Amino acid sequence: MFGSLKRRKQQRLRAEALYDACVVQARSPEFYAGMGVPDTIDGRFELIALHVGLLIRRLNREGETGKAVAQDVFDAMFRDFDSGLREMAIGDASIGKNIKAMASAFYGRVKAYDDALAEQDAAALGDALKRNVFATGEGDGSPEALAAYIVAAQEALDRQDGDAVMFTQSPEFPPVAVSAGA
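Residues numbered from 1 in each chain as written. Predicted model: local features only at pLDDT ≥ 70, side-chain atom pairs only at ≥ 80, totals over all residues. Heavy atoms only, no water.

Right, let's get into unusual backbone geometry. Non-glycine residue Gln-120 carries a positive phi angle of around 50 degrees. Within the secondary structure, Gln-120 sits in the loop between helix H5 (92-119) and helix H6 (122-132). On the accessibility criterion, Gln-120 (74% relative accessible area) is exposed. (Helix = DSSP H or I, 4+ residues; strand = E, 2+ residues; numbered from the N terminus. Buried < 20%, exposed > 50% of the residue type's maximum accessible area, 1.4 Å probe, protein only.)

Here it is as structure tokens:
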């Protein structure tokens, strides 16, 4: 029994480390200053959802073990979101409603990005980014630069050994390159 609890704790810690790597990448200043992603709670949610979605997409290709790790990363993300809402003094009665809305938004974005990546459809990816990341019209956003980054990030994740990412290494995302036009 205790071995199972210890293993579960290790899995949870590993998922949190994978999630944290996504958050660190999502907080790269180049996304905000260079690509024009709004530096707001919504803009940060978009980039965290994007990176976690890319990681989950990669993990899901590692069979049942990868799917279990992907679920653990998803759970870590929503534990963090729940904690963040509580820190913002959102009342307990509203937490569930907010989390449900965030989960729905996450699934919608992941589906749109996943479909565009699967079809290698740059226009569809750009449209999805305009609808989601750049929807507020704040700043001088560059969906094209972010779309190019997403393709590079997915390619970088695809090159990484699945077992290493799941169990020993952090996912390696590419540097955030900003195009001259951004």
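Here the narrative resumes, following the displayed structure.
Relative to the 40 Å expected for 28 residues at 1.5 Å per residue, H5 spans 41 Å between its end C-alpha atoms, a close match to the ideal helical length. Ile-95, Ile-99, Met-102, Ala-103, Ala-105, Phe-106, Arg-109, Ala-112, Tyr-113, Ala-116 and Leu-117 are the residues of H5 that are buried. Where H5 is buried, its residues meet helix H3 (41-59), helix H4 (63-87), H6 and helix H7 (143-159). Following H5 by one or two positions, Gln-120 adopts a phi angle in the positive range, close to 50 degrees. (Expected span 1.5 Å × (residues − 1). Contact = heavy atoms within 4.5 Å.)

On to the pattern of salt bridges. Under the criterion given, the structure shown has nine salt bridges. The residue Glu-16 makes a salt bridge to Arg-79 at a minimum N-O spacing of 3.4 Å. Here Glu-16, found in helix H1 (residues 2-26), pairs with Arg-79, found in helix H4; they are 63 residues apart in sequence, far enough to count as distant. Notably, a salt bridge pairs Arg-86 with Asp-82, separated by 2.7 Å at the nearest N-O pair. Residue Arg-86 and its partner Asp-82 are located together in helix H4, separated by four residues, close to a single helical turn. Given the relative accessible area of 41%, Arg-86 is considered partly exposed. (Salt bridge = Lys/Arg side-chain N within 4 Å of Asp/Glu carboxyl O.)

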